[in-house]
Amino acid sequence: FAVTTGSLPSGLSMTSSTGAITGTADAVGSDTTSTFTVTATGDDATATRQFKITIKAPVTSSITSTGAGNFAVPTGVSALNILMVAGGGSGGSSLGSGGGAGGMLEGTLTVTPGSTIAYNVGAGGAQTTASDYHSGYYGANTTFGPIPGPGATATAVGGGYGCGHASGGPKGSGSPSNQNQNQANIGGQGGSSGGTGSADQGSANVAASTTIQGDSAGLTGYGNYGGTGGGNNPTHAHSGGGGGGAGGAGGNPSGRNAGNGGTGRVSNITGSPVYYGGGGGGSIHPHPSGGSVGSGGQGGGSAGGPFGNNRSSNGTANTGGGTGCGGHPAGGSGTGGPGIIVVKI
């Protein structure tokens, strides 16, 4: 047996002795049909026949509305490539830190053909109260499951909150009991942790919370720590740390400049590179000699708010981006970026 006209789809081959077509076809961007003729040669006769093989392009579904729903697994499908991003945390207000990005999960899930799987897309953290030194809010988790068969639920953890300034030294523990309190400056634990705010002391503050996104239900998790805030100095240039991102830790202050939000992580699941999970930038106490707020991390994080009761921008929708800290003296943050689920079949 031999292909005498046209060609097989890329990735497939024919065994000459049996005519068996084997292999795994290469992925295509759109449905692609290959037309070819096979000639069978025997001891006494030769015959030809035309064949067609169509390679189907992957079908990608993006779930962007926050809240609960159900995903129907098509008949005949036993594996899903999936990306999950949780809601980003919101930053603090005044001399504080940026919110952490929502945790990110990516990989392949084994599923039961024809089954229905519950999901929830996490919302971003709420706007920070526009009062001096106030902390932000956690982003909400994004979940997929329980998955029929394995029984596990994949959970992307919401981003940790950013903080405000703490006078006299570090305050708070980054736990829910201290969330949204004045004079708290240790970032909330989350998929990526919020940064640490500034404080009235001569040295840098304690490190931000260290709990980050782990692997879940066989998917690989991505998340990082928030940056460490700066202490008081002779020029009174307090600076907050940046929130952690899915691709990198939040930045620490440098001189009078606040820490930048951690960079997000790129995914190609949609067919083109897209960054998700950028951290929010920290804020500063301005000084005549200069100083700048932290930038938002690539992947939907927003920069710290400018001086003068100004809110930071919202995190970008469906990226899980954290928001920057609001501007001094009483600017709150915007809302964290909502999460997303992307499924490719």
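Conventions and cut-offs
- Residues numbered from 1 in each chain as written.
- Predicted model: local features only at pLDDT ≥ 70, side-chain atom pairs only at ≥ 80, totals over all residues.
- Heavy atoms only, no water.
- Pairing = 2+ DSSP bridges.
- Helix = DSSP H or I, 4+ residues; strand = E, 2+ residues; numbered from the N terminus.
- Axes fitted to C-alpha atoms, helices over the stretch in contact; angles between N-to-C directions.
- Salt bridge = Lys/Arg side-chain N within 4 Å of Asp/Glu carboxyl O.
- Buried < 20%, exposed > 50% of the residue type's maximum accessible area, 1.4 Å probe, protein only.

S.K.: So, the sheet that holds strand β10 (residues 116–121): which residues are in play, and what are the values?
M.R.: Think of a sheet as strands paired side by side through backbone hydrogen bonds, with each pair either parallel or antiparallel. Strand order in the open sheet formed by 4 strands is β7-β10-β11-β12, with antiparallel pairing between adjacent strands. Of all strands in the sheet, those bounded by a partner on one side alone are β7 (67–72) and β12 (154–156). Taken pair by pair, the neighbouring strands of this sheet meet at an average axis angle of 15 degrees, ignoring direction. Alignment of strand β11 (residues 142–144) against β12, held across 3 bridges, turns out to be antiparallel. Paired with Thr-142 across the two strands is Ala-156, which belongs to β12.

S.K.: Please set out the pattern of salt bridges residue by residue, giving values where relevant.
M.R.: Think of it this way: side chains of opposite charge can pair up when their charged atoms draw near. By the definition in use, this model includes 2 salt bridges. The partner of Lys-56 in a salt bridge is Asp-31, with the nearest N and O atoms 2.9 Å apart. Within this pair, whereas Lys-56 is found in the loop between β5 (46–55) and β6 (60–63), its partner Asp-31 is found in the loop between β3 (21–23) and β4 (32–41), the two being separated by 25 residues in sequence. A residue is classified by how much of its surface remains accessible, and Lys-56, at 58% relative accessible area, is exposed. What makes Asp-31 partly exposed here is its relative accessible area of 45%. With a shortest N-O distance of 3.2 Å, Glu-106 and Arg-265 are connected by a salt bridge. With Glu-106 in strand β9 (residues 104–110) and Arg-265 in strand β14 (residues 265–267), the pair connects residues that are 159 residues apart, well separated along the chain. Residue Glu-106 is classed as buried on the basis of its relative accessible area, which comes to 19%.

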